[in-house]
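# Remarks on the overall topology
The primary structure of each chain is shown beneath.
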Amino acid sequence: MPMSLYSRTFWNHPLTPIVPISILRVDLDERRMPRRAIELIRNGGLVAYPTDTVYGLGTSIFQEGGVRRIFEVKGRPPSDPLPILIADVAQVEELAAVVPSVARDLMRRFWPGPLTIVLPRSSRVPEVVSGGGPSIALRMPNHPIPLRLIQEAGVPIVGTSANSHGAPSPITATQVATDIGDRIDLILDGGRTPHGIPSTVVDLTGAAPRVVRAGALDPALLREVLGEVLVTGRV
């Protein structure tokens, strides 16, 4: 099916006027992403897109105005770091100050896929993305739409879930539209997400690896690479 743009209207509140929401249906085997989405990403616009886990909300990590707007749209505390999606392992070297060998082992085994890896932040990453903190969370998704977005825009993108802070993570474009659709610029509708739950997050910045969120990747698989690992958080 070719790409098609359609608008829908939603009542998010009985006193809220009807707002048209732009949703672009994208076939998973499309060879190129829509020009509008690429330009929005590059210039600080907000685009929601499907991944292998849940729908994400993104913009270029280098567009600080767009990044701040993501915090505002979600109602997310600005001290809460935003994850970053990449399309090539080589981008890790640009974004992380240190890449330990165990991180490379995890990338070889589980990327692309539902594993987010926390590493020390490089000075190249704007502090607003990391919430002012010293670390960043990186993932390479196993889904053609975000991978092509990143490749064609030529920048890493924010990879936070496309929902209001504290709300369930969306797994369809309609769920995104109902929640935050009237506050963002475009939704790419690629159908229901495969896993339907957020990624597993492993923190490699401490003395020992820690699973700070157990998600779509079973922590038992991490033990095959890491040995015993402490699990301190769940979805």
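For the structure, check the block above.
Residues numbered from 1 in each chain as written. Predicted model: local features only at pLDDT ≥ 70, side-chain atom pairs only at ≥ 80, totals over all residues. Heavy atoms only, no water.

What follows is about the packing of helix H4 (residues 101-110) against helix H7 (residues 219-226). The interhelical angle for the contact between H4 and H7, taken along N-to-C directions, is 130°, at an axis separation of 10 Å. By the angle class used here, H4 and H7 are oblique. Considering only the axes of H4 and H7, their crossing is right-handed. Taking contact as the criterion, the partners of Val102, Asp105, Leu106, Arg109 and Phe110 in H4 are, on H7, Leu221, Leu222, Glu224, Val225 and Leu226. (Axes fitted to C-alpha atoms, helices over the stretch in contact; angles between N-to-C directions. Helix = DSSP H or I, 4+ residues; strand = E, 2+ residues; numbered from the N terminus. Parallel < 35°, antiparallel > 145°, perpendicular 65-115°, else oblique. Left-handed = near helix turned anticlockwise from the far one by under 90°. Contact = heavy atoms within 4.5 Å.)

Turning to helix H1 (residues 35-42), its buried residues number three or more, namely Ala37, Ile38, Leu40 and Ile41. Buried residues along H1 cover an arc of 165° about the axis, so they all sit on one side. On its buried side, H1 packs onto strand S3 (47-49), strand S4 (56-58), helix H5 (144-153), strand S8 (157-158) and strand S10 (186-189). Gly44 sits one or two positions beyond H1 and adopts a positive phi of about 90°. (Buried < 20%, exposed > 50% of the residue type's maximum accessible area, 1.4 Å probe, protein only. Arc of directions from axis to C-beta.)

Sheet topology places strand S11 (residues 200-203) next to strand S12 (residues 210-213); 3 bridges connect them, and they run antiparallel. Across the sheet, the residue bridging to Val202 is Val211, located in S12. In terms of strand pairing, S12 meets strand S13 (residues 230-231) through 2 bridges, oriented parallel. Along S13, the bridge assignment pairs Arg210 with Leu230. Handedness of the crossover is the feature at issue here: the chain leaves S12, passes through H7, returns alongside S13, and the resulting connection is right-handed. (Pairing = 2+ DSSP bridges. Right-handed = clockwise from strand over helix to strand, strands pointing away.)

What follows covers the side chain of Asp52. Along the chain, Asp52 falls in the loop between S3 and S4. The class of Asp52 is buried, set by a relative accessible area of 3%. In this structure the side chain of Asp52 is engaged in a polar contact, spanning 2.9 Å, whose partner is the side chain of Arg139. Aside from chain neighbours lying at most four places away, what touches Asp52 is Gly113, Pro114, Arg139, Pro141, Asn142, His143, Pro194, His195 and Gly196. (Polar contact = N/O pair within 3.5 Å; in protein donor to acceptor, adjacent residues only side chain to side chain.)

The next thing to look at is the pattern of salt bridges. Per the counting criterion, the structure on display carries 16 salt bridges. Arg69 is paired through a salt bridge with Asp185; the nearest N and O atoms lie 2.9 Å apart. Linking Arg69 in helix H2 (residues 64-74) with Asp185 in the loop between helix H6 (173-180) and S10, this pair joins segments that are 116 residues apart in sequence. Using a relative accessible area of 26% as the deciding quantity, one classes Arg69 as partly exposed. A relative accessible area of 25% places Asp185 in the partly exposed class. In this structure, Arg121 engages Glu127 in a salt bridge whose closest nitrogen and oxygen atoms are separated by 3.7 Å. (Salt bridge = Lys/Arg side-chain N within 4 Å of Asp/Glu carboxyl O.)

The side-chain alternation of S11 yields two buried faces, one formed by Thr200 and Val202 and the other by Val201 and Asp203. As defined by bridge partners, strand S6 (residues 115-120) adjoins S11 across 4 bridges and the pair is classed as parallel. If you follow Leu115 over to S11, its bridge partner there is Thr200. Hairpin geometry of S11 and S12 is characterised by an intervening segment of 6 residues between the two adjacent antiparallel strands.

What follows covers the sheet that holds S11. Taken together, the 7 strands give an open sheet; going across it, the order is S8-S5-S7-S6-S11-S12-S13, and neighbouring strands pair in mixed fashion. Across the chains shown, the open sheet's two edge strands, defined by having one partner strand only, are S8 and S13. As paired strands, strand S5 (residues 84-85) and S8 are joined by 2 bridges and run antiparallel to one another. Across the sheet, Leu85 pairs through a bridge with Ile157, a residue of S8.

Here we come to the packing of H1 against H5. The N-to-C vectors of H1 and H5 enclose an angle of 65°; their axes lie 9 Å apart at closest approach. Between H1 and H5, the crossing angle belongs to the class labelled roughly perpendicular. Relative to H5, the crossing made by H1 is right-handed. Residues Ala37, Ile38, Ile41 and Arg42 of H1 form the contact with H5, whose participating residues are Leu149, Glu152 and Ala153. Taken together, the residues that form the contact of H1 with H5 break down as 5 nonpolar, no polar and 2 charged. (Nonpolar A, V, L, I, M, F, W, Y, C, P; charged D, E, K, R; others polar.)

These results come straight from atomic positions and should not be treated as a statement about function.
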